[in-house]
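Okay, here's what each chain looks like letter by letter:
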Amino acid sequence: MEQTIPEVIRTVPLEYYVYFATALFAIGVTGVLTRRNAIIIFMCVELMLNAVNVLLTAFSAYRSDPNGQIFVFFIMAVAAAEVSVGLGIIVMIYRNFQNTDVNLLNRLKW
């Protein structure tokens, strides 16, 4: 049985999704590498996860295969756990240092 791509999905070419996800991922990587605020870095990591989710969903829809969307569900579950743990760590850092600058975290090595 041959599965066809629905007309709604075919209106936007797959390359556009790839370009969009690449741009989102590049913005996320740039933010992680250049910013010093822990909250901004945290948001950029979430942006990179969402770029991967966009690609998985697009490829899943174009192939008419639900496996990519199942992976997206698990990535979202891991991201939700990351948000709860990460924000807890950021709040504790702010309580101790009164700042969320990641350069101040070098003290934690000793």
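Residues numbered from 1 in each chain as written. Predicted model: local features only at pLDDT ≥ 70, side-chain atom pairs only at ≥ 80, totals over all residues. Heavy atoms only, no water.

Engineer: Help me understand helix α2 (residues 14-34), please; the structure alone is not making it clear to me.
Structural biologist: Along an α-helix, a turn takes 3.6 residues, which lines up residues three or four apart on a common side. Between its first and last C-alpha atoms α2 spans 30 Å; for 21 residues at 1.5 Å apiece the expected length is 30 Å, and the two agree. A21, L24, G28 and G31 are the residues of α2 that are buried. Viewed along the axis of α2, the buried residues span an arc of 90°, placing them on a single side of the element. Facing away from the buried side of α2 by more than 90 degrees, the exposed set consists of Y19, L33 and T34. On its buried face, α2 sits against α3 (38-63). (Helix = DSSP H or I, 4+ residues; strand = E, 2+ residues; numbered from the N terminus. Expected span 1.5 Å × (residues − 1). Buried < 20%, exposed > 50% of the residue type's maximum accessible area, 1.4 Å probe, protein only. Arc of directions from axis to C-beta. Contact = heavy atoms within 4.5 Å.)

Engineer: Would you explain a nonpolar patch on the surface in this entry?
Structural biologist: A cluster of nonpolar side chains, namely V12, Y16 and Y19, defines an oily patch on the protein surface of about 330 Å² accessible area. Along the chain, the position of Y19 falls in helix α2. According to the relative accessible area criterion, Y19 is exposed, its value standing at 55%. (Patch = residues over 30% accessible without salt bridge, like charges linked within 9 Å, V, L, I, M, F, W, Y side chains within 5 Å. Areas by Shrake-Rupley, 256 points an atom, 1.4 Å probe, with all protein chains shown as cover. Salt bridge = Lys/Arg side-chain N within 4 Å of Asp/Glu carboxyl O.)

Engineer: Is there a simple way to think about the pattern of salt bridges in this case?
Structural biologist: Inspection of the entire model under this criterion finds one salt bridge. For the salt bridge of R36 with D101, the shortest nitrogen-to-oxygen distance reads 3.8 Å. In this pair, R36 is assigned in the loop between α2 and α3 and D101 in the segment after α4 (67-97), connecting sequence segments 65 residues apart.

Engineer: Would you explain the environment of G28 in this entry?
Structural biologist: Position of G28 among the secondary structure elements: in helix α2. For G28, a relative accessible area of 0% corresponds to the buried category. Along the primary structure G28 and L56 are separated by 28 residues, whereas in three dimensions their C-alpha atoms are 17 Å apart.

Engineer: Help me understand the side chain of S60, please; the structure alone is not making it clear to me.
Structural biologist: You can see S60 is positioned in helix α3. The contacts of S60, once residues within four sequence positions are left out, are D65, P66, N67, G68 and Q69.

Engineer: For this particular structure, what's the right way to read the side chain of N53?
Structural biologist: Take N53: it is sitting in helix α3. Setting aside chain neighbours within four positions, we find N53 in contact with V72, I75 and M76.

Engineer: Looking at this structure, how should I read the UniProt feature "transmembrane region" (unreviewed entry) in the protein chain?
Structural biologist: The UniProt record marks residues 16-33, 40-62 and 68-94 with the feature "transmembrane region" (unreviewed entry), using the residue numbering of this structure. Split by type, residues 40-62 is 100% helix and 0% strand. Its first and last C-alpha atoms lie 33 Å apart. Spanning residues 68-94, this segment combines 100% helix with 0% strand, and its end C-alpha atoms are found 37 Å apart. (UniProt positions renumbered as here; feature names shortened; annotations may be inferred.)

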